[in-house]
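Here's the letter readout for the chains.
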Amino acid sequence: MTPNKIKAAIVGASGFTGSEMARLLHQHPDVELIGITSESHTGKPFSTLHPQFLGSIDLPLISAEQVPDLGAEVLFLALPHRVSMDYVARWHELGVKIIDFSGDFRLSSPEVYAEWYGETHRYPAGFGQAVYGLPELYASEIQQADLVANPGCYPTASLLSLAPLVQKDLIEPDSIIIDAKSGLTGAGVKASAGTHFSEVNENFKAYGLGVHRHTIEIEEQLSRQRGKQPLQVQFTPHLLPLDRGILVTAYAKAKAGLDAARLQETVASFYADKPFVHVVPESPGIKTVRGSHFAAVHPFFDQRTGRVIMTCAIDNLLKGAASQALHSMNLMFGLPETRGLEQLPLKP
Ligand SMILES: NC(=O)C1=CN([C@@H]2O[C@H](COP(=O)(O)OP(=O)(O)OC[C@H]3O[C@@H](n4cnc5c(N)ncnc54)[C@H](OP(=O)(O)O)[C@@H]3O)[C@@H](O)[C@H]2O)C=CC1
Ligand SMILES: CC(=O)N[C@@H](CCC(=O)OP(=O)(O)O)C(=O)O
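None of the values given here were measured: they were computed from a predicted structure. (Residues numbered from 1 in each chain as written. Chains lettered and ligands numbered in written order. Predicted model: local features only at pLDDT ≥ 70, side-chain atom pairs only at ≥ 80, totals over all residues. Heavy atoms only, no water.)

1. Considering the UniProt feature "active site" (unreviewed entry) in the protein chain
The following threshold applies: UniProt positions are given in the numbering used here, feature names are shortened, and annotations may be inferred rather than shown by experiment. When accessible area is computed with a 1.4 Å probe and restricted to protein chains, residues below 20% of their type maximum are described as buried, those above 50% as exposed, and intermediate ones as partly exposed. Contact between two residues is taken to exist if any of their heavy atoms lie within 4.5 Å; hydrogens are not considered.
Feature annotation in UniProt places "active site" (unreviewed entry) on Cys 153, given in this structure's numbering. Judged by relative accessible area, Cys 153 falls into the buried class, the value being 15%. Setting aside residues up to four positions removed in sequence, Cys 153 forms contacts with His 214, Ile 246, Ile 314, Asn 316 and Gly 320.

2. A word on the nonpolar core
Side chains that are nonpolar tend, in soluble globular proteins, to be buried together. What counts here: Residue types Ala, Val, Leu, Ile, Met, Phe, Trp, Tyr and Cys, when buried and joined through side-chain atoms within 4.5 Å, form a set referred to as a nonpolar core. How far each domain reaches was decided by an automatic or database domain assignment.
Leu 25, Phe 76, Ile 176 and Met 329 are the most contacted members of the largest nonpolar core, which has 74 residues in total. Here this core gathers at least three residues from each of two domains, domain 1 (6-150 + 320-332) and domain 2 (154-316). Apart from the residues lying within four places of it in its own chain, the contact partners of Ile 176 are Leu 162, Val 166, Ile 171, Leu 222, Leu 231, Val 233, Gln 234, Tyr 251 and Ala 252. Leu 70, Leu 75, Tyr 113 and Leu 147 belong to the second-largest nonpolar core, a separate cluster that totals 28 residues.

3. Focus: the domain arrangement of the protein chain
Basically, it comes down to this: Computed with a 1.4 Å rolling probe, the buried area is the accessible surface lost when two parts are put together, summed over both parts. Any Lys or Arg side-chain nitrogen located within 4 Å of an Asp or Glu carboxyl oxygen qualifies as a salt bridge. Side-chain atoms alone can form a polar contact between residues adjacent in sequence; in general such a contact is a pair of N or O atoms within 3.5 Å, and within protein one must be able to donate a hydrogen while the other accepts it. Counting from the N terminus, the helices are DSSP H or I runs at least four residues long and the strands are E runs at least two residues long.
Domain assignment breaks the protein chain into domain 1 (6-150 + 320-332) and domain 2 (154-316). The distance between the C-alpha centroids of domain 1 and domain 2 comes to 24 Å. Both faces combined, the contact of domain 1 with domain 2 buries some 2,200 Å², and carbon together with sulfur accounts for 58% of it. Ranking the residues of domain 1 by area buried against domain 2 places Phe 16, Trp 116 and Glu 136 at the top, with a combined share of 30%. Across the contact surface, domain 1 and domain 2 share 3 salt bridges. A salt bridge links Arg 224 to Glu 141; its shortest N-O distance comes to 3.4 Å. Where domain 1 packs against domain 2, one counts 11 residue pairs in polar contact (both at pLDDT 80 or more). Elements that contribute at least two residues to the side of domain 1 that touches domain 2 include exactly helix H1 (16-27), helix H4 (110-117), helix H6 (135-144) and helix H11 (318-332).

4. What about the pattern of salt bridges?
Pairing between side chains becomes possible if they bear opposite charge and their charged atoms approach one another. According to the stated counting rule, one finds 17 salt bridges in the structure shown. Notably, a salt bridge pairs Asp 30 with Arg 339, separated by 2.6 Å at the nearest N-O pair. Of this pair, Asp 30 sits in the loop between H1 and strand S2 (31-37) while Arg 339 is found in the segment after H11, placing the two residues 309 residues apart along the sequence. In this structure Arg 339 comes out as partly exposed when scored by relative accessible area, which is 29%. We note a salt bridge from Arg 90 to Glu 65, for which the minimum N-O separation is 3.1 Å. In this pair, Arg 90 sits in helix H3 (residues 84-91) while Glu 65 sits in the loop between strand S3 (61-62) and strand S4 (74-77), placing the two residues 25 residues apart along the sequence. For Arg 90, a relative accessible area of 44% corresponds to the partly exposed category. One network of salt bridges, with partners in common, ties together Glu 20, Arg 23, Arg 244 and Asp 315.

5. Brief notes about the side chain of Asp 179
Counting through the fold element by element, Asp 179 comes out in strand S8 (residues 177-182). A distance of 2.3 Å separates polar atoms of two side chains, one belonging to Asp 179 and the other to Lys 181. If near-sequence neighbours (up to four positions away) are discounted, Asp 179 is found in contact with Thr 236, His 238, Leu 247, Val 248, Thr 249 and Tyr 251.

6. Quick word on the sheet that holds strand S13 (residues 307-314)
As a general point, the strands of a sheet are linked pairwise by backbone hydrogen bonds and lie either parallel or antiparallel. Quick reminder of the rule: In short, DSSP must find at least two bridges between two strands for them to pair. Note on geometry: axes are lines fitted to C-alpha atoms, helical ones only across the stretch in contact, with angles between N-to-C directions running from 0 to 180 degrees.
A sheet is described by the order of its strands in space; here 6 strands give the open sequence S9-S8-S10-S13-S12-S11, paired in mixed fashion. Two strands close off the open sheet at either side, each with one partner strand: strand S9 (234-239) and strand S11 (277-279). The mean angle between the axes of side-by-side strands here comes to 15°, regardless of whether they run parallel or antiparallel. Direction of pairing for S8 relative to S9: parallel, over a ladder of 6 bridges. Its bridge partner being in S9, Ile 177 is matched across the sheet by Gln 234. Sheet strands in contact with helix H10 (residues 260-270) are S11, strand S12 (295-302) and S13, and its direction is about 160° off that of S12.

This is the structure:
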């Protein structure tokens, strides 16, 4: 082991976000990647599973059971929801920091979790410990956290679009409609009938109408921006026949007095010191952010209808997952926010 480097391990690295996390940690100057797990491929070198890492990340995949023996200081859990909570329950007393990619600790309480995830939570104490890992809103809390709940990919793009407007009271909160589209990697590495390329390629459609679990995640976080006053949003996701990328188009009725100049000024000043959000002059495409660590946000005021239209594009595997997790890790270990994330274009 290399002295003075942060010892990191990834749990669930055969999947999409886990492998992106390995790439980012491998490039981070202050991190040593000391363990990578997979239950289905235990014993194989990581690079056998992901050949793009041949010669760079050849660590053998180990079982999650071996994680407590590694001596890691930070664990990235890239596991499905309902699975993550059991590992957090077992490992929270190891004195290790945990960044959980799943939805298991993003909501406010076990009761809300049971309502939206249809399952009784098996580690309810975690709700009191977890900090919601959106650094643009909660950097100082993340700095103090031992357990970070990394946001969902759709909520990341939705919240970055709407949080400044809700916080500054510029829109009617109950008028928010979020139309979101995601590439297929958002659905995880295992294809299903609904996420198979042939199905998605020919049958673009909405899903999860009125019941998608990200609805409550977005509602709770927007409600925090207005002093915990509740609000309801209409959130509808769609699956795109692309491998990666998310585009959110969010609509809301403007409050009296808002105009295009004030909208632009509010959003630009909100993100002025946030290195991973670019406020862009035109509606961003998914290609704008492919392979990048940042969210591209574009505010638009439709004077005719009196509505705000916010568009936001992110790479779901990076700003929607792995880059965001690394940003939080930097905060938790007192490093500069952009440490290890400078290789790709940052804000000019
Ligand atoms: N994909 C995305 O764009 C985003 C995903 N997320 C969230 O991040 C998490 C990971 O997502 P993603 O990478 O797409 O998922 P994948 O389905 O691609 O990968 C899941 C990983 O979990 C491992 N795993 C599954 N079950 C178990 C188990 N019981 N014990 C130990 N390991 C297990 C699998 O490894 P193996 O089978 O080899 O053991 C695999 O490596 C999820 O919670 C997801 O919701 C969040 C934001 C964006
Ligand atoms: C395209 C696609 O299927 N997306 C997933 C959500 C993406 C994600 O990973 O969300 P969590 O981290 O909250 O699980 C879905 O709609 O269920």
